[in-house]
Amino acid sequence: MVEVPIKTASKEYPLFIGNDAIYSLSDVIDGLTPRVSSVFIISEETVAELYLEEVRTNLQDSIPVYHYVVPSGEASKSFENYYECQTFALQSGLDRNSIILALGGGVIGDLAGFVAATYMRGIRFIQVPTTLLAHDSAVGGKVAVNHPLGKNIIGAFHQPEAVIYHLPFLATLPVEEWRSGYGEVIKHAYLSGEEFLSWLEKEVSTLDDLKDEKLLHVLKEGINVKAQIVAKDEKESNVRAFLNFGHTLGHAIESELGYGKITHGDAVAIGMVFALRMSEHVYGKDLNVSRLQALLERFDYPTIDCSLDAHRLMEKMKKDKKSYEHTIHMVLMKELGQMEVRKVNDEDVLRVLTTFIKG
Ligand code: NAD
Ligand code: MG
């Protein structure tokens, strides 16, 4: 097991990662002050069925443990579930020294984290991520639920006490979830620079390579990229926005197709290719888009659905959190590892996007 320290302006906490990480759970809880009075596990059906019992056996008998399980999937990041979790917590007598344990992927991390951020004005929580994508979502303290009018729009910054990344839990992930999570890994490599990117190109030929030492390396590197950015800018006043590379079009595609029709990582993969094309257009230089495309092709990432409408996507891009005054702001790449948030004008976006959709 490896310990990666996560430092943000508001808090420092450990991330434990490895094949035996879950065995540290009771020690982590034991080490917290004030003393933990009870544990509330929030999970979802698929993950609970597989791992809830194993997690419970790694908790001490002396502390009361409760659990609440929501359906799997993005739709569970809802007000209704948020409210039900709060009701269950109150009925179970959780107090300010209770701790919430988020057992699942990004959906559960966000939901349970937001419950923790607001229950009695905020109680402590621990992330136990179970997806590859969660190397991104479990670090950095952004927690939220969705509103029918916007994704992640009701939320908070609330850092966990610890992240416990038990790698054997990932063994049951379906292939499309490996690919989705790997989309964010590739994004982190583009933010990081040549060394990480060429390591991925050399060492990961198929998603099956994501095992043992290689999986550990990929996760540690990805987490480091995210952690370094969050350390500089916890609340997204500047560089944290770089983590949105590929997300302006990615989110627009997810929203146009309807959530759940395309995985987040697939949408981000498409969005990164577009962001590079836009960057080439804006900076007037070759940024080796074919290198990214070749990498994505290895893992069968989809290309953009050619029935999508450029104007509608642009309207969605204007609703992105980085955009304001009805102009699109995107994360562009000046060169590998060097990003910039930049205002882009509608005509340029339309031109590049139309060509991009035509393929
Ligand atoms: P997810 O939590 O829905 O998990 C994806 C799918 O995998 C689900 O069907 C789930 O049931 C299944 N699953 C999870 N773990 C499994 C396991 N070990 N074995 C078998 N199946 C398993 O989605 P995700 O991709 O992990 O996360 C996406 C969410 O994360 C989005 O809601 C997104 O907004 C959020 N997110 C948040 C941040 C942040 O900083 N807070 C960052 C990135 C993404
Ligand atoms: Mg993302």
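Residues numbered from 1 in each chain as written. Chains lettered and ligands numbered in written order. Predicted model: local features only at pLDDT ≥ 70, side-chain atom pairs only at ≥ 80, totals over all residues.

1. Description of the overall build of the protein chain
Condition: Only DSSP runs of H or I reaching four residues or more are called helices, and only runs of E reaching two or more are called strands; each is numbered from the N terminus. For a compact globule the rule gives 2.2 Å times the number of residues to the power 0.38, and the radius of gyration it is set against comes from C-alpha atoms. Any residue surrounded by 20 or more other C-beta atoms within 10 Å of its C-beta is treated as buried, while 12 or fewer makes it exposed and the intermediate range makes it partly exposed; C-beta atoms here are placed from the backbone. Here, residue contact means that the backbone-derived C-beta atoms of the two residues sit within 7 Å.
Across its full length, the protein chain carries 13 helices and 11 strands. In terms of overall size, the protein chain behaves like a compact globule, its C-alpha atoms giving a radius of gyration of 20 Å where 359 residues would be expected to give roughly 21 Å. Evaluated residue by residue, the protein chain yields a buried proportion of 45% over its 359 residues. Taking contacts inside the protein chain between residues at least 6 apart in sequence as the whole, the part at least 24 apart equals 73%.

2. What about the UniProt feature "binding site: Zn(2+)" (unreviewed entry) in the protein chain?
Stated formally: UniProt positions are given in the numbering used here, feature names are shortened, and annotations may be inferred rather than shown by experiment.
As recorded in UniProt, the feature "binding site: Zn(2+)" (unreviewed entry) lies at E184, H247 and H264. A maximum C-alpha distance of 10.2 Å places the annotated residues, which cover 81 residues in sequence, within one compact spot. Along the chain, the position of H247 falls in helix α9 (residues 247–257). Judged by the 24 C-beta atoms lying within 10 Å of it, H247 is buried.

3. A few points about the site of ligand 1
Operational definition: Residue proximity rests on one test: whether the C-beta atom, placed from the backbone, lies within 6 Å of the molecule or strand. Residue type decides the class: Asp, Glu, Lys and Arg count as charged, Ala, Val, Leu, Ile, Met, Phe, Trp, Tyr, Cys and Pro as nonpolar, and the leftover types, Gly among them, as polar.
In the vicinity of ligand 1, 30 residues are found, and the nearest of them are S72, G105, G106, T131 and S137. Residue assignment for the shell around ligand 1 shows that the elements contributing at least two residues are α2 (45–57), α4 (106–118), α5 (134–137) and α6 (175–192). With 4 residues, α4 is the single largest residue contributor to the shell around ligand 1. Tallied by class, residues from the shell around ligand 1 come to 9 nonpolar, 14 polar and 7 charged.

4. Structural notes on the nonpolar core
Keep this limit in mind: Buried Ala, Val, Leu, Ile, Met, Phe, Trp, Tyr and Cys residues whose C-beta atoms connect them within 7 Å together make up a nonpolar core.
Counting residues in each nonpolar core, the largest one holds 107 residues, and the members touching the most others are I42, I100, L101, V115, I164 and A275. Here this core takes 10 residues from helix α10 (residues 264–283), the largest share from any one element. In contact with L101, not counting residues within four places along its chain, are V39, F40, I41, F125, I126 and V128.

5. Regarding the packing of α9 against α10
To be explicit about the condition: Each axis is a line fitted through C-alpha atoms, taken for helices only over the stretch in contact, and angles between the N-to-C directions span 0 to 180 degrees. Angular relationships are summarised with four words: roughly parallel below 35 degrees, roughly antiparallel beyond 145, roughly perpendicular across 65 to 115, and oblique for the angles in between. Definitions for this section: a left-handed crossing has its near helix turned counterclockwise from the far helix by less than a right angle. A right-handed crossing has that turn clockwise.
Between α9 and α10, whose axes approach to 7 Å, the crossing angle comes to 135°. As the angle between them shows, α9 and α10 are arranged oblique. Considering how the two elements wind past one another, α9 and α10 form a crossing that is right-handed. Along the contact surface, α9 presents H247, T248, L249, G250, I253 and E254, while α10 presents H264, A267, V268, I270, G271 and F274. Here the residues of the contact of α9 with α10 sort into 6 nonpolar, 5 polar and 1 charged.

6. Observations concerning the packing of helix α12 (residues 310–318) against helix α13 (residues 346–358)
Here α12 crosses α13 at 130°, and the two axes come no closer than 10 Å. Looking at the two axes, α12 sits oblique to α13. Along this stretch, α12 crosses α13, giving a crossing that reads as right-handed. In contact with A310, L313 and M314 of α12, α13 contributes D346, V349, L350, L353, T354 and I357. Looking at the contact of α12 with α13 residue by residue, the classes come out as 7 nonpolar, 1 polar and 1 charged.

7. Description of the pairing of strand β4 (residues 65–70)
To be explicit about the condition: Following DSSP output, two strands are said to pair if at least two bridges run between them. Every crossover in which the path from the first strand over the helix to the second runs clockwise, viewed with the strands pointing away from the viewer, is termed right-handed.
As paired elements, strand β3 (residues 39–44) and β4 share 6 bridges and run parallel to each other. Following the sheet pairing, S43 is matched in β4 by V69. Each parallel crossover has a hand, and the one from β3 via α2 to β4 is right-handed.

8. Some thoughts on the sheet that holds strand β2 (residues 12–18)
The strands making up a sheet associate through backbone hydrogen bonding, with each pair oriented either parallel or antiparallel. The strand order β1-β2-β9-β6-β5-β3-β4 describes an open sheet built from 7 strands, whose pairing is mixed. Sheet topology places β1 (2–7) and β4 at the edges, where each strand pairs with a single neighbour. Averaged over neighbouring strand pairs, the angle between their axes works out to 20° when direction is ignored. The strands that α2 touches are β3, β4, β5 (99–104) and β6 (124–129); relative to β3, the one it contacts most, it runs at about 150°.

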